[in-house]
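Understanding the architecture of this molecule
In case you want the letters, here they are:
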Amino acid sequence: MNLVLLGPPGAGKGTQAKLLEDSRSLVKLSTGDMLRAAVAAGTELGRKAGEIMERGALVPDELVINLIAERIDQGGGKGYIFDGFPRTIAQAEALDTLFKQRGKTLDRVVVMEVDDEALVERIAGRFACAKCGEGYHDLYKLPKVEGVCDACGSTEFVRRKDDNEETVRARLKAYHAQTEPLIDYYRRQGKVNAVDGMADIAAVADEIERALAGGSVKEAKKRAKTPG
Ligand SMILES: [Zn+2]
């Protein structure tokens, strides 16, 4: 089974992709991870990508697609989960072509639906212990003793630079403008399942498993009608 996880940054796609990797023996393809790995491995594509990223420019679609093709041709696992790709209609079309050329299909697209305001609150409130990494939140989980880490007693805390309201809102805006049109694109292919991305991790995972279990029947019917 090949699937795409769609949702804004911070919706928990990476966490759910990891869980699916284990539960369904799938290989998780995160383009960020793949780019970093290719750069580290010093492959031809990696060298090209490295140069582009050093300039601070966006890695072109073609290069990302080639990287995905290279990874898929290596095989392994019972299928692939895409996390953070595709982000645009052009990338989705390229991914469809890539699968078609290999006699494979993208089976399901799971959309993690989130409430923008709740997501901003969730992400912008995050901070962590600088020493042991224990996670905290301004609203949901403050240290029991103010300024002292529950886990290790350290008094130093850090916030990720991009975990602030302004950055989160900018990422949400880009998601709504560029990535959300993909939902309709895939809905026309009959592949979309939406889940409530605001529920806790285990509940979201359950909902995704139920969606995939129910979705495979519908998908099998559709595939029979569509040659190639
Ligand atoms: Zn700590």
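To be clear, the structure that these remarks concern was listed above.
Scope of this entry: the structure provided in the associated data block. Everything numeric here is computed off the predicted structure, so don't read it as measured data.

**Here's the deal with the nonpolar core**
Formed by 34 residues in total, the largest nonpolar core has its most connected members in Leu6, Ile68, Phe82 and Tyr186. It is helix α4 (residues 61-73) that provides the largest number of residues to this core, a total of seven residues. Leu20, Leu26, Met112 and Leu212 belong to the second-largest nonpolar core, a separate cluster that totals 13 residues.

**Quick look at helix α1 (residues 13-24)**
If you check α1, its first and last C-alpha atoms are 16 Å apart, about what 12 residues at 1.5 Å a residue would give, namely 16 Å. For α1, every residue scored as buried is listed here: Lys13, Gln16, Ala17 and Leu20. In an axial view of α1, the angular spread of the buried residues amounts to 105°, which keeps them on one side of the axis.

**A few points about the coordination of the zinc ion**
Taken together, the protein donors to the zinc ion comprise Cys129 (SG), Cys132 (SG), Cys149 (SG) and Cys152 (SG), at separations of 2.3 Å. Geometry at the zinc ion is tetrahedral, judged from its four donor atoms and the angles of 104 to 114° they form at the metal. We note that the donor set of the zinc ion lies within a single chain, spaced as C-x2-C-x16-C-x2-C. Of the two residues, cysteine 129 sits in strand β5 (residues 126-129) while cysteine 152 sits in the loop between β6 (135-137) and β7 (157-158), which places them 23 residues apart along the sequence.

**Some details on the sheet that holds β5**
A sheet is described by the order of its strands in space; here three strands give the open sequence β6-β5-β7, paired in antiparallel fashion. Sheet topology places β6 and β7 at the edges, where each strand pairs with a single neighbour. As defined by bridge partners, β5 adjoins β7 across two bridges and the pair is classed as antiparallel. The residue bridging cysteine 129 from the neighbouring strand is phenylalanine 157, located in β7.

**Regarding the pattern of salt bridges**
Charged atoms that come close allow side chains of opposite charge to pair. Within this structure, the stated rule accounts for 13 salt bridges. Across the pair arginine 24 and glutamate 209 runs a salt bridge, and its minimum N-O distance is 3.0 Å. Residue arginine 24 is found in helix α1, and its partner glutamate 209 is found in helix α9 (residues 201-225); the two are separated by 185 residues along the sequence. The class of arginine 24 is partly exposed, set by a relative accessible area of 23%. Here aspartate 163 and arginine 126 are joined by a salt bridge, their closest N and O atoms 3.2 Å apart. On the criterion of sequence distance, the pair formed by aspartate 163 in the loop between β7 and α7 (165-179) and arginine 126 in strand β5 is long-range, its members being 37 residues apart.

**Looking at the sheet that holds strand β2 (residues 27-30)**
One open sheet holds the five strands; their spatial order is β2-β3-β1-β4-β8, and the pairing between them is parallel. Every other strand in the sheet has two partners, leaving β2 and β8 (192-196) as the edge strands with one partner each. Each strand of the sheet is rotated relative to its neighbour by a mean of 25°, with strand direction disregarded. Here four bridges tie strand β1 (residues 3-6) to strand β4 (residues 108-113), and the two strands are oriented parallel to one another. Bridge pairing in β4 places valine 4 opposite valine 109.

**Here we look at the packing of aromatic side chains**
The tally for this structure, following the rule as stated, stands at six aromatic pairs. Relative to tyrosine 136, the ring of phenylalanine 127 has its centre 5.7 Å away and its plane inclined at 25°; by these criteria the two rings are stacked. Residue class for tyrosine 136 comes out buried when judged on its relative accessible area of 4%. The interplanar angle of 75° and the centroid separation of 5.1 Å between the aromatic rings of tyrosine 185 and tyrosine 186 together place this pair among those described as edge-to-face. You'll find tyrosine 185 and tyrosine 186 in the same group, each marked buried. Taken together, the ring pairs in this structure connect Phe82, Phe85 and Phe99 into an aromatic cluster. In this structure, lysine 141 packs its charged tip against the face of tyrosine 136, placed 4.9 Å from the ring centre.

Thresholds, definitions, all that
Residues numbered from 1 in each chain as written. Predicted model: local features only at pLDDT ≥ 70, side-chain atom pairs only at ≥ 80, totals over all residues. Heavy atoms only, no water. Core = buried A, V, L, I, M, F, W, Y, C linked by side-chain atoms within 4.5 Å. Buried < 20%, exposed > 50% of the residue type's maximum accessible area, 1.4 Å probe, protein only. Helix = DSSP H or I, 4+ residues; strand = E, 2+ residues; numbered from the N terminus. Expected span 1.5 Å × (residues − 1). Arc of directions from axis to C-beta. Donors = N, O, S within 2.8 Å, 3.2 Å for Na, K, Ca; no water. Tetrahedral: all angles 85-135°; square planar, octahedral: opposite > 155°, others 65-115°. Pairing = 2+ DSSP bridges. Salt bridge = Lys/Arg side-chain N within 4 Å of Asp/Glu carboxyl O. Axes fitted to C-alpha atoms, helices over the stretch in contact; angles between N-to-C directions. Phe/Tyr/Trp six-rings, centres within 6.5 Å; stacked < 30°, edge-to-face > 60°. Lys NZ or Arg CZ within 6 Å of the ring centre and 35° of its normal.

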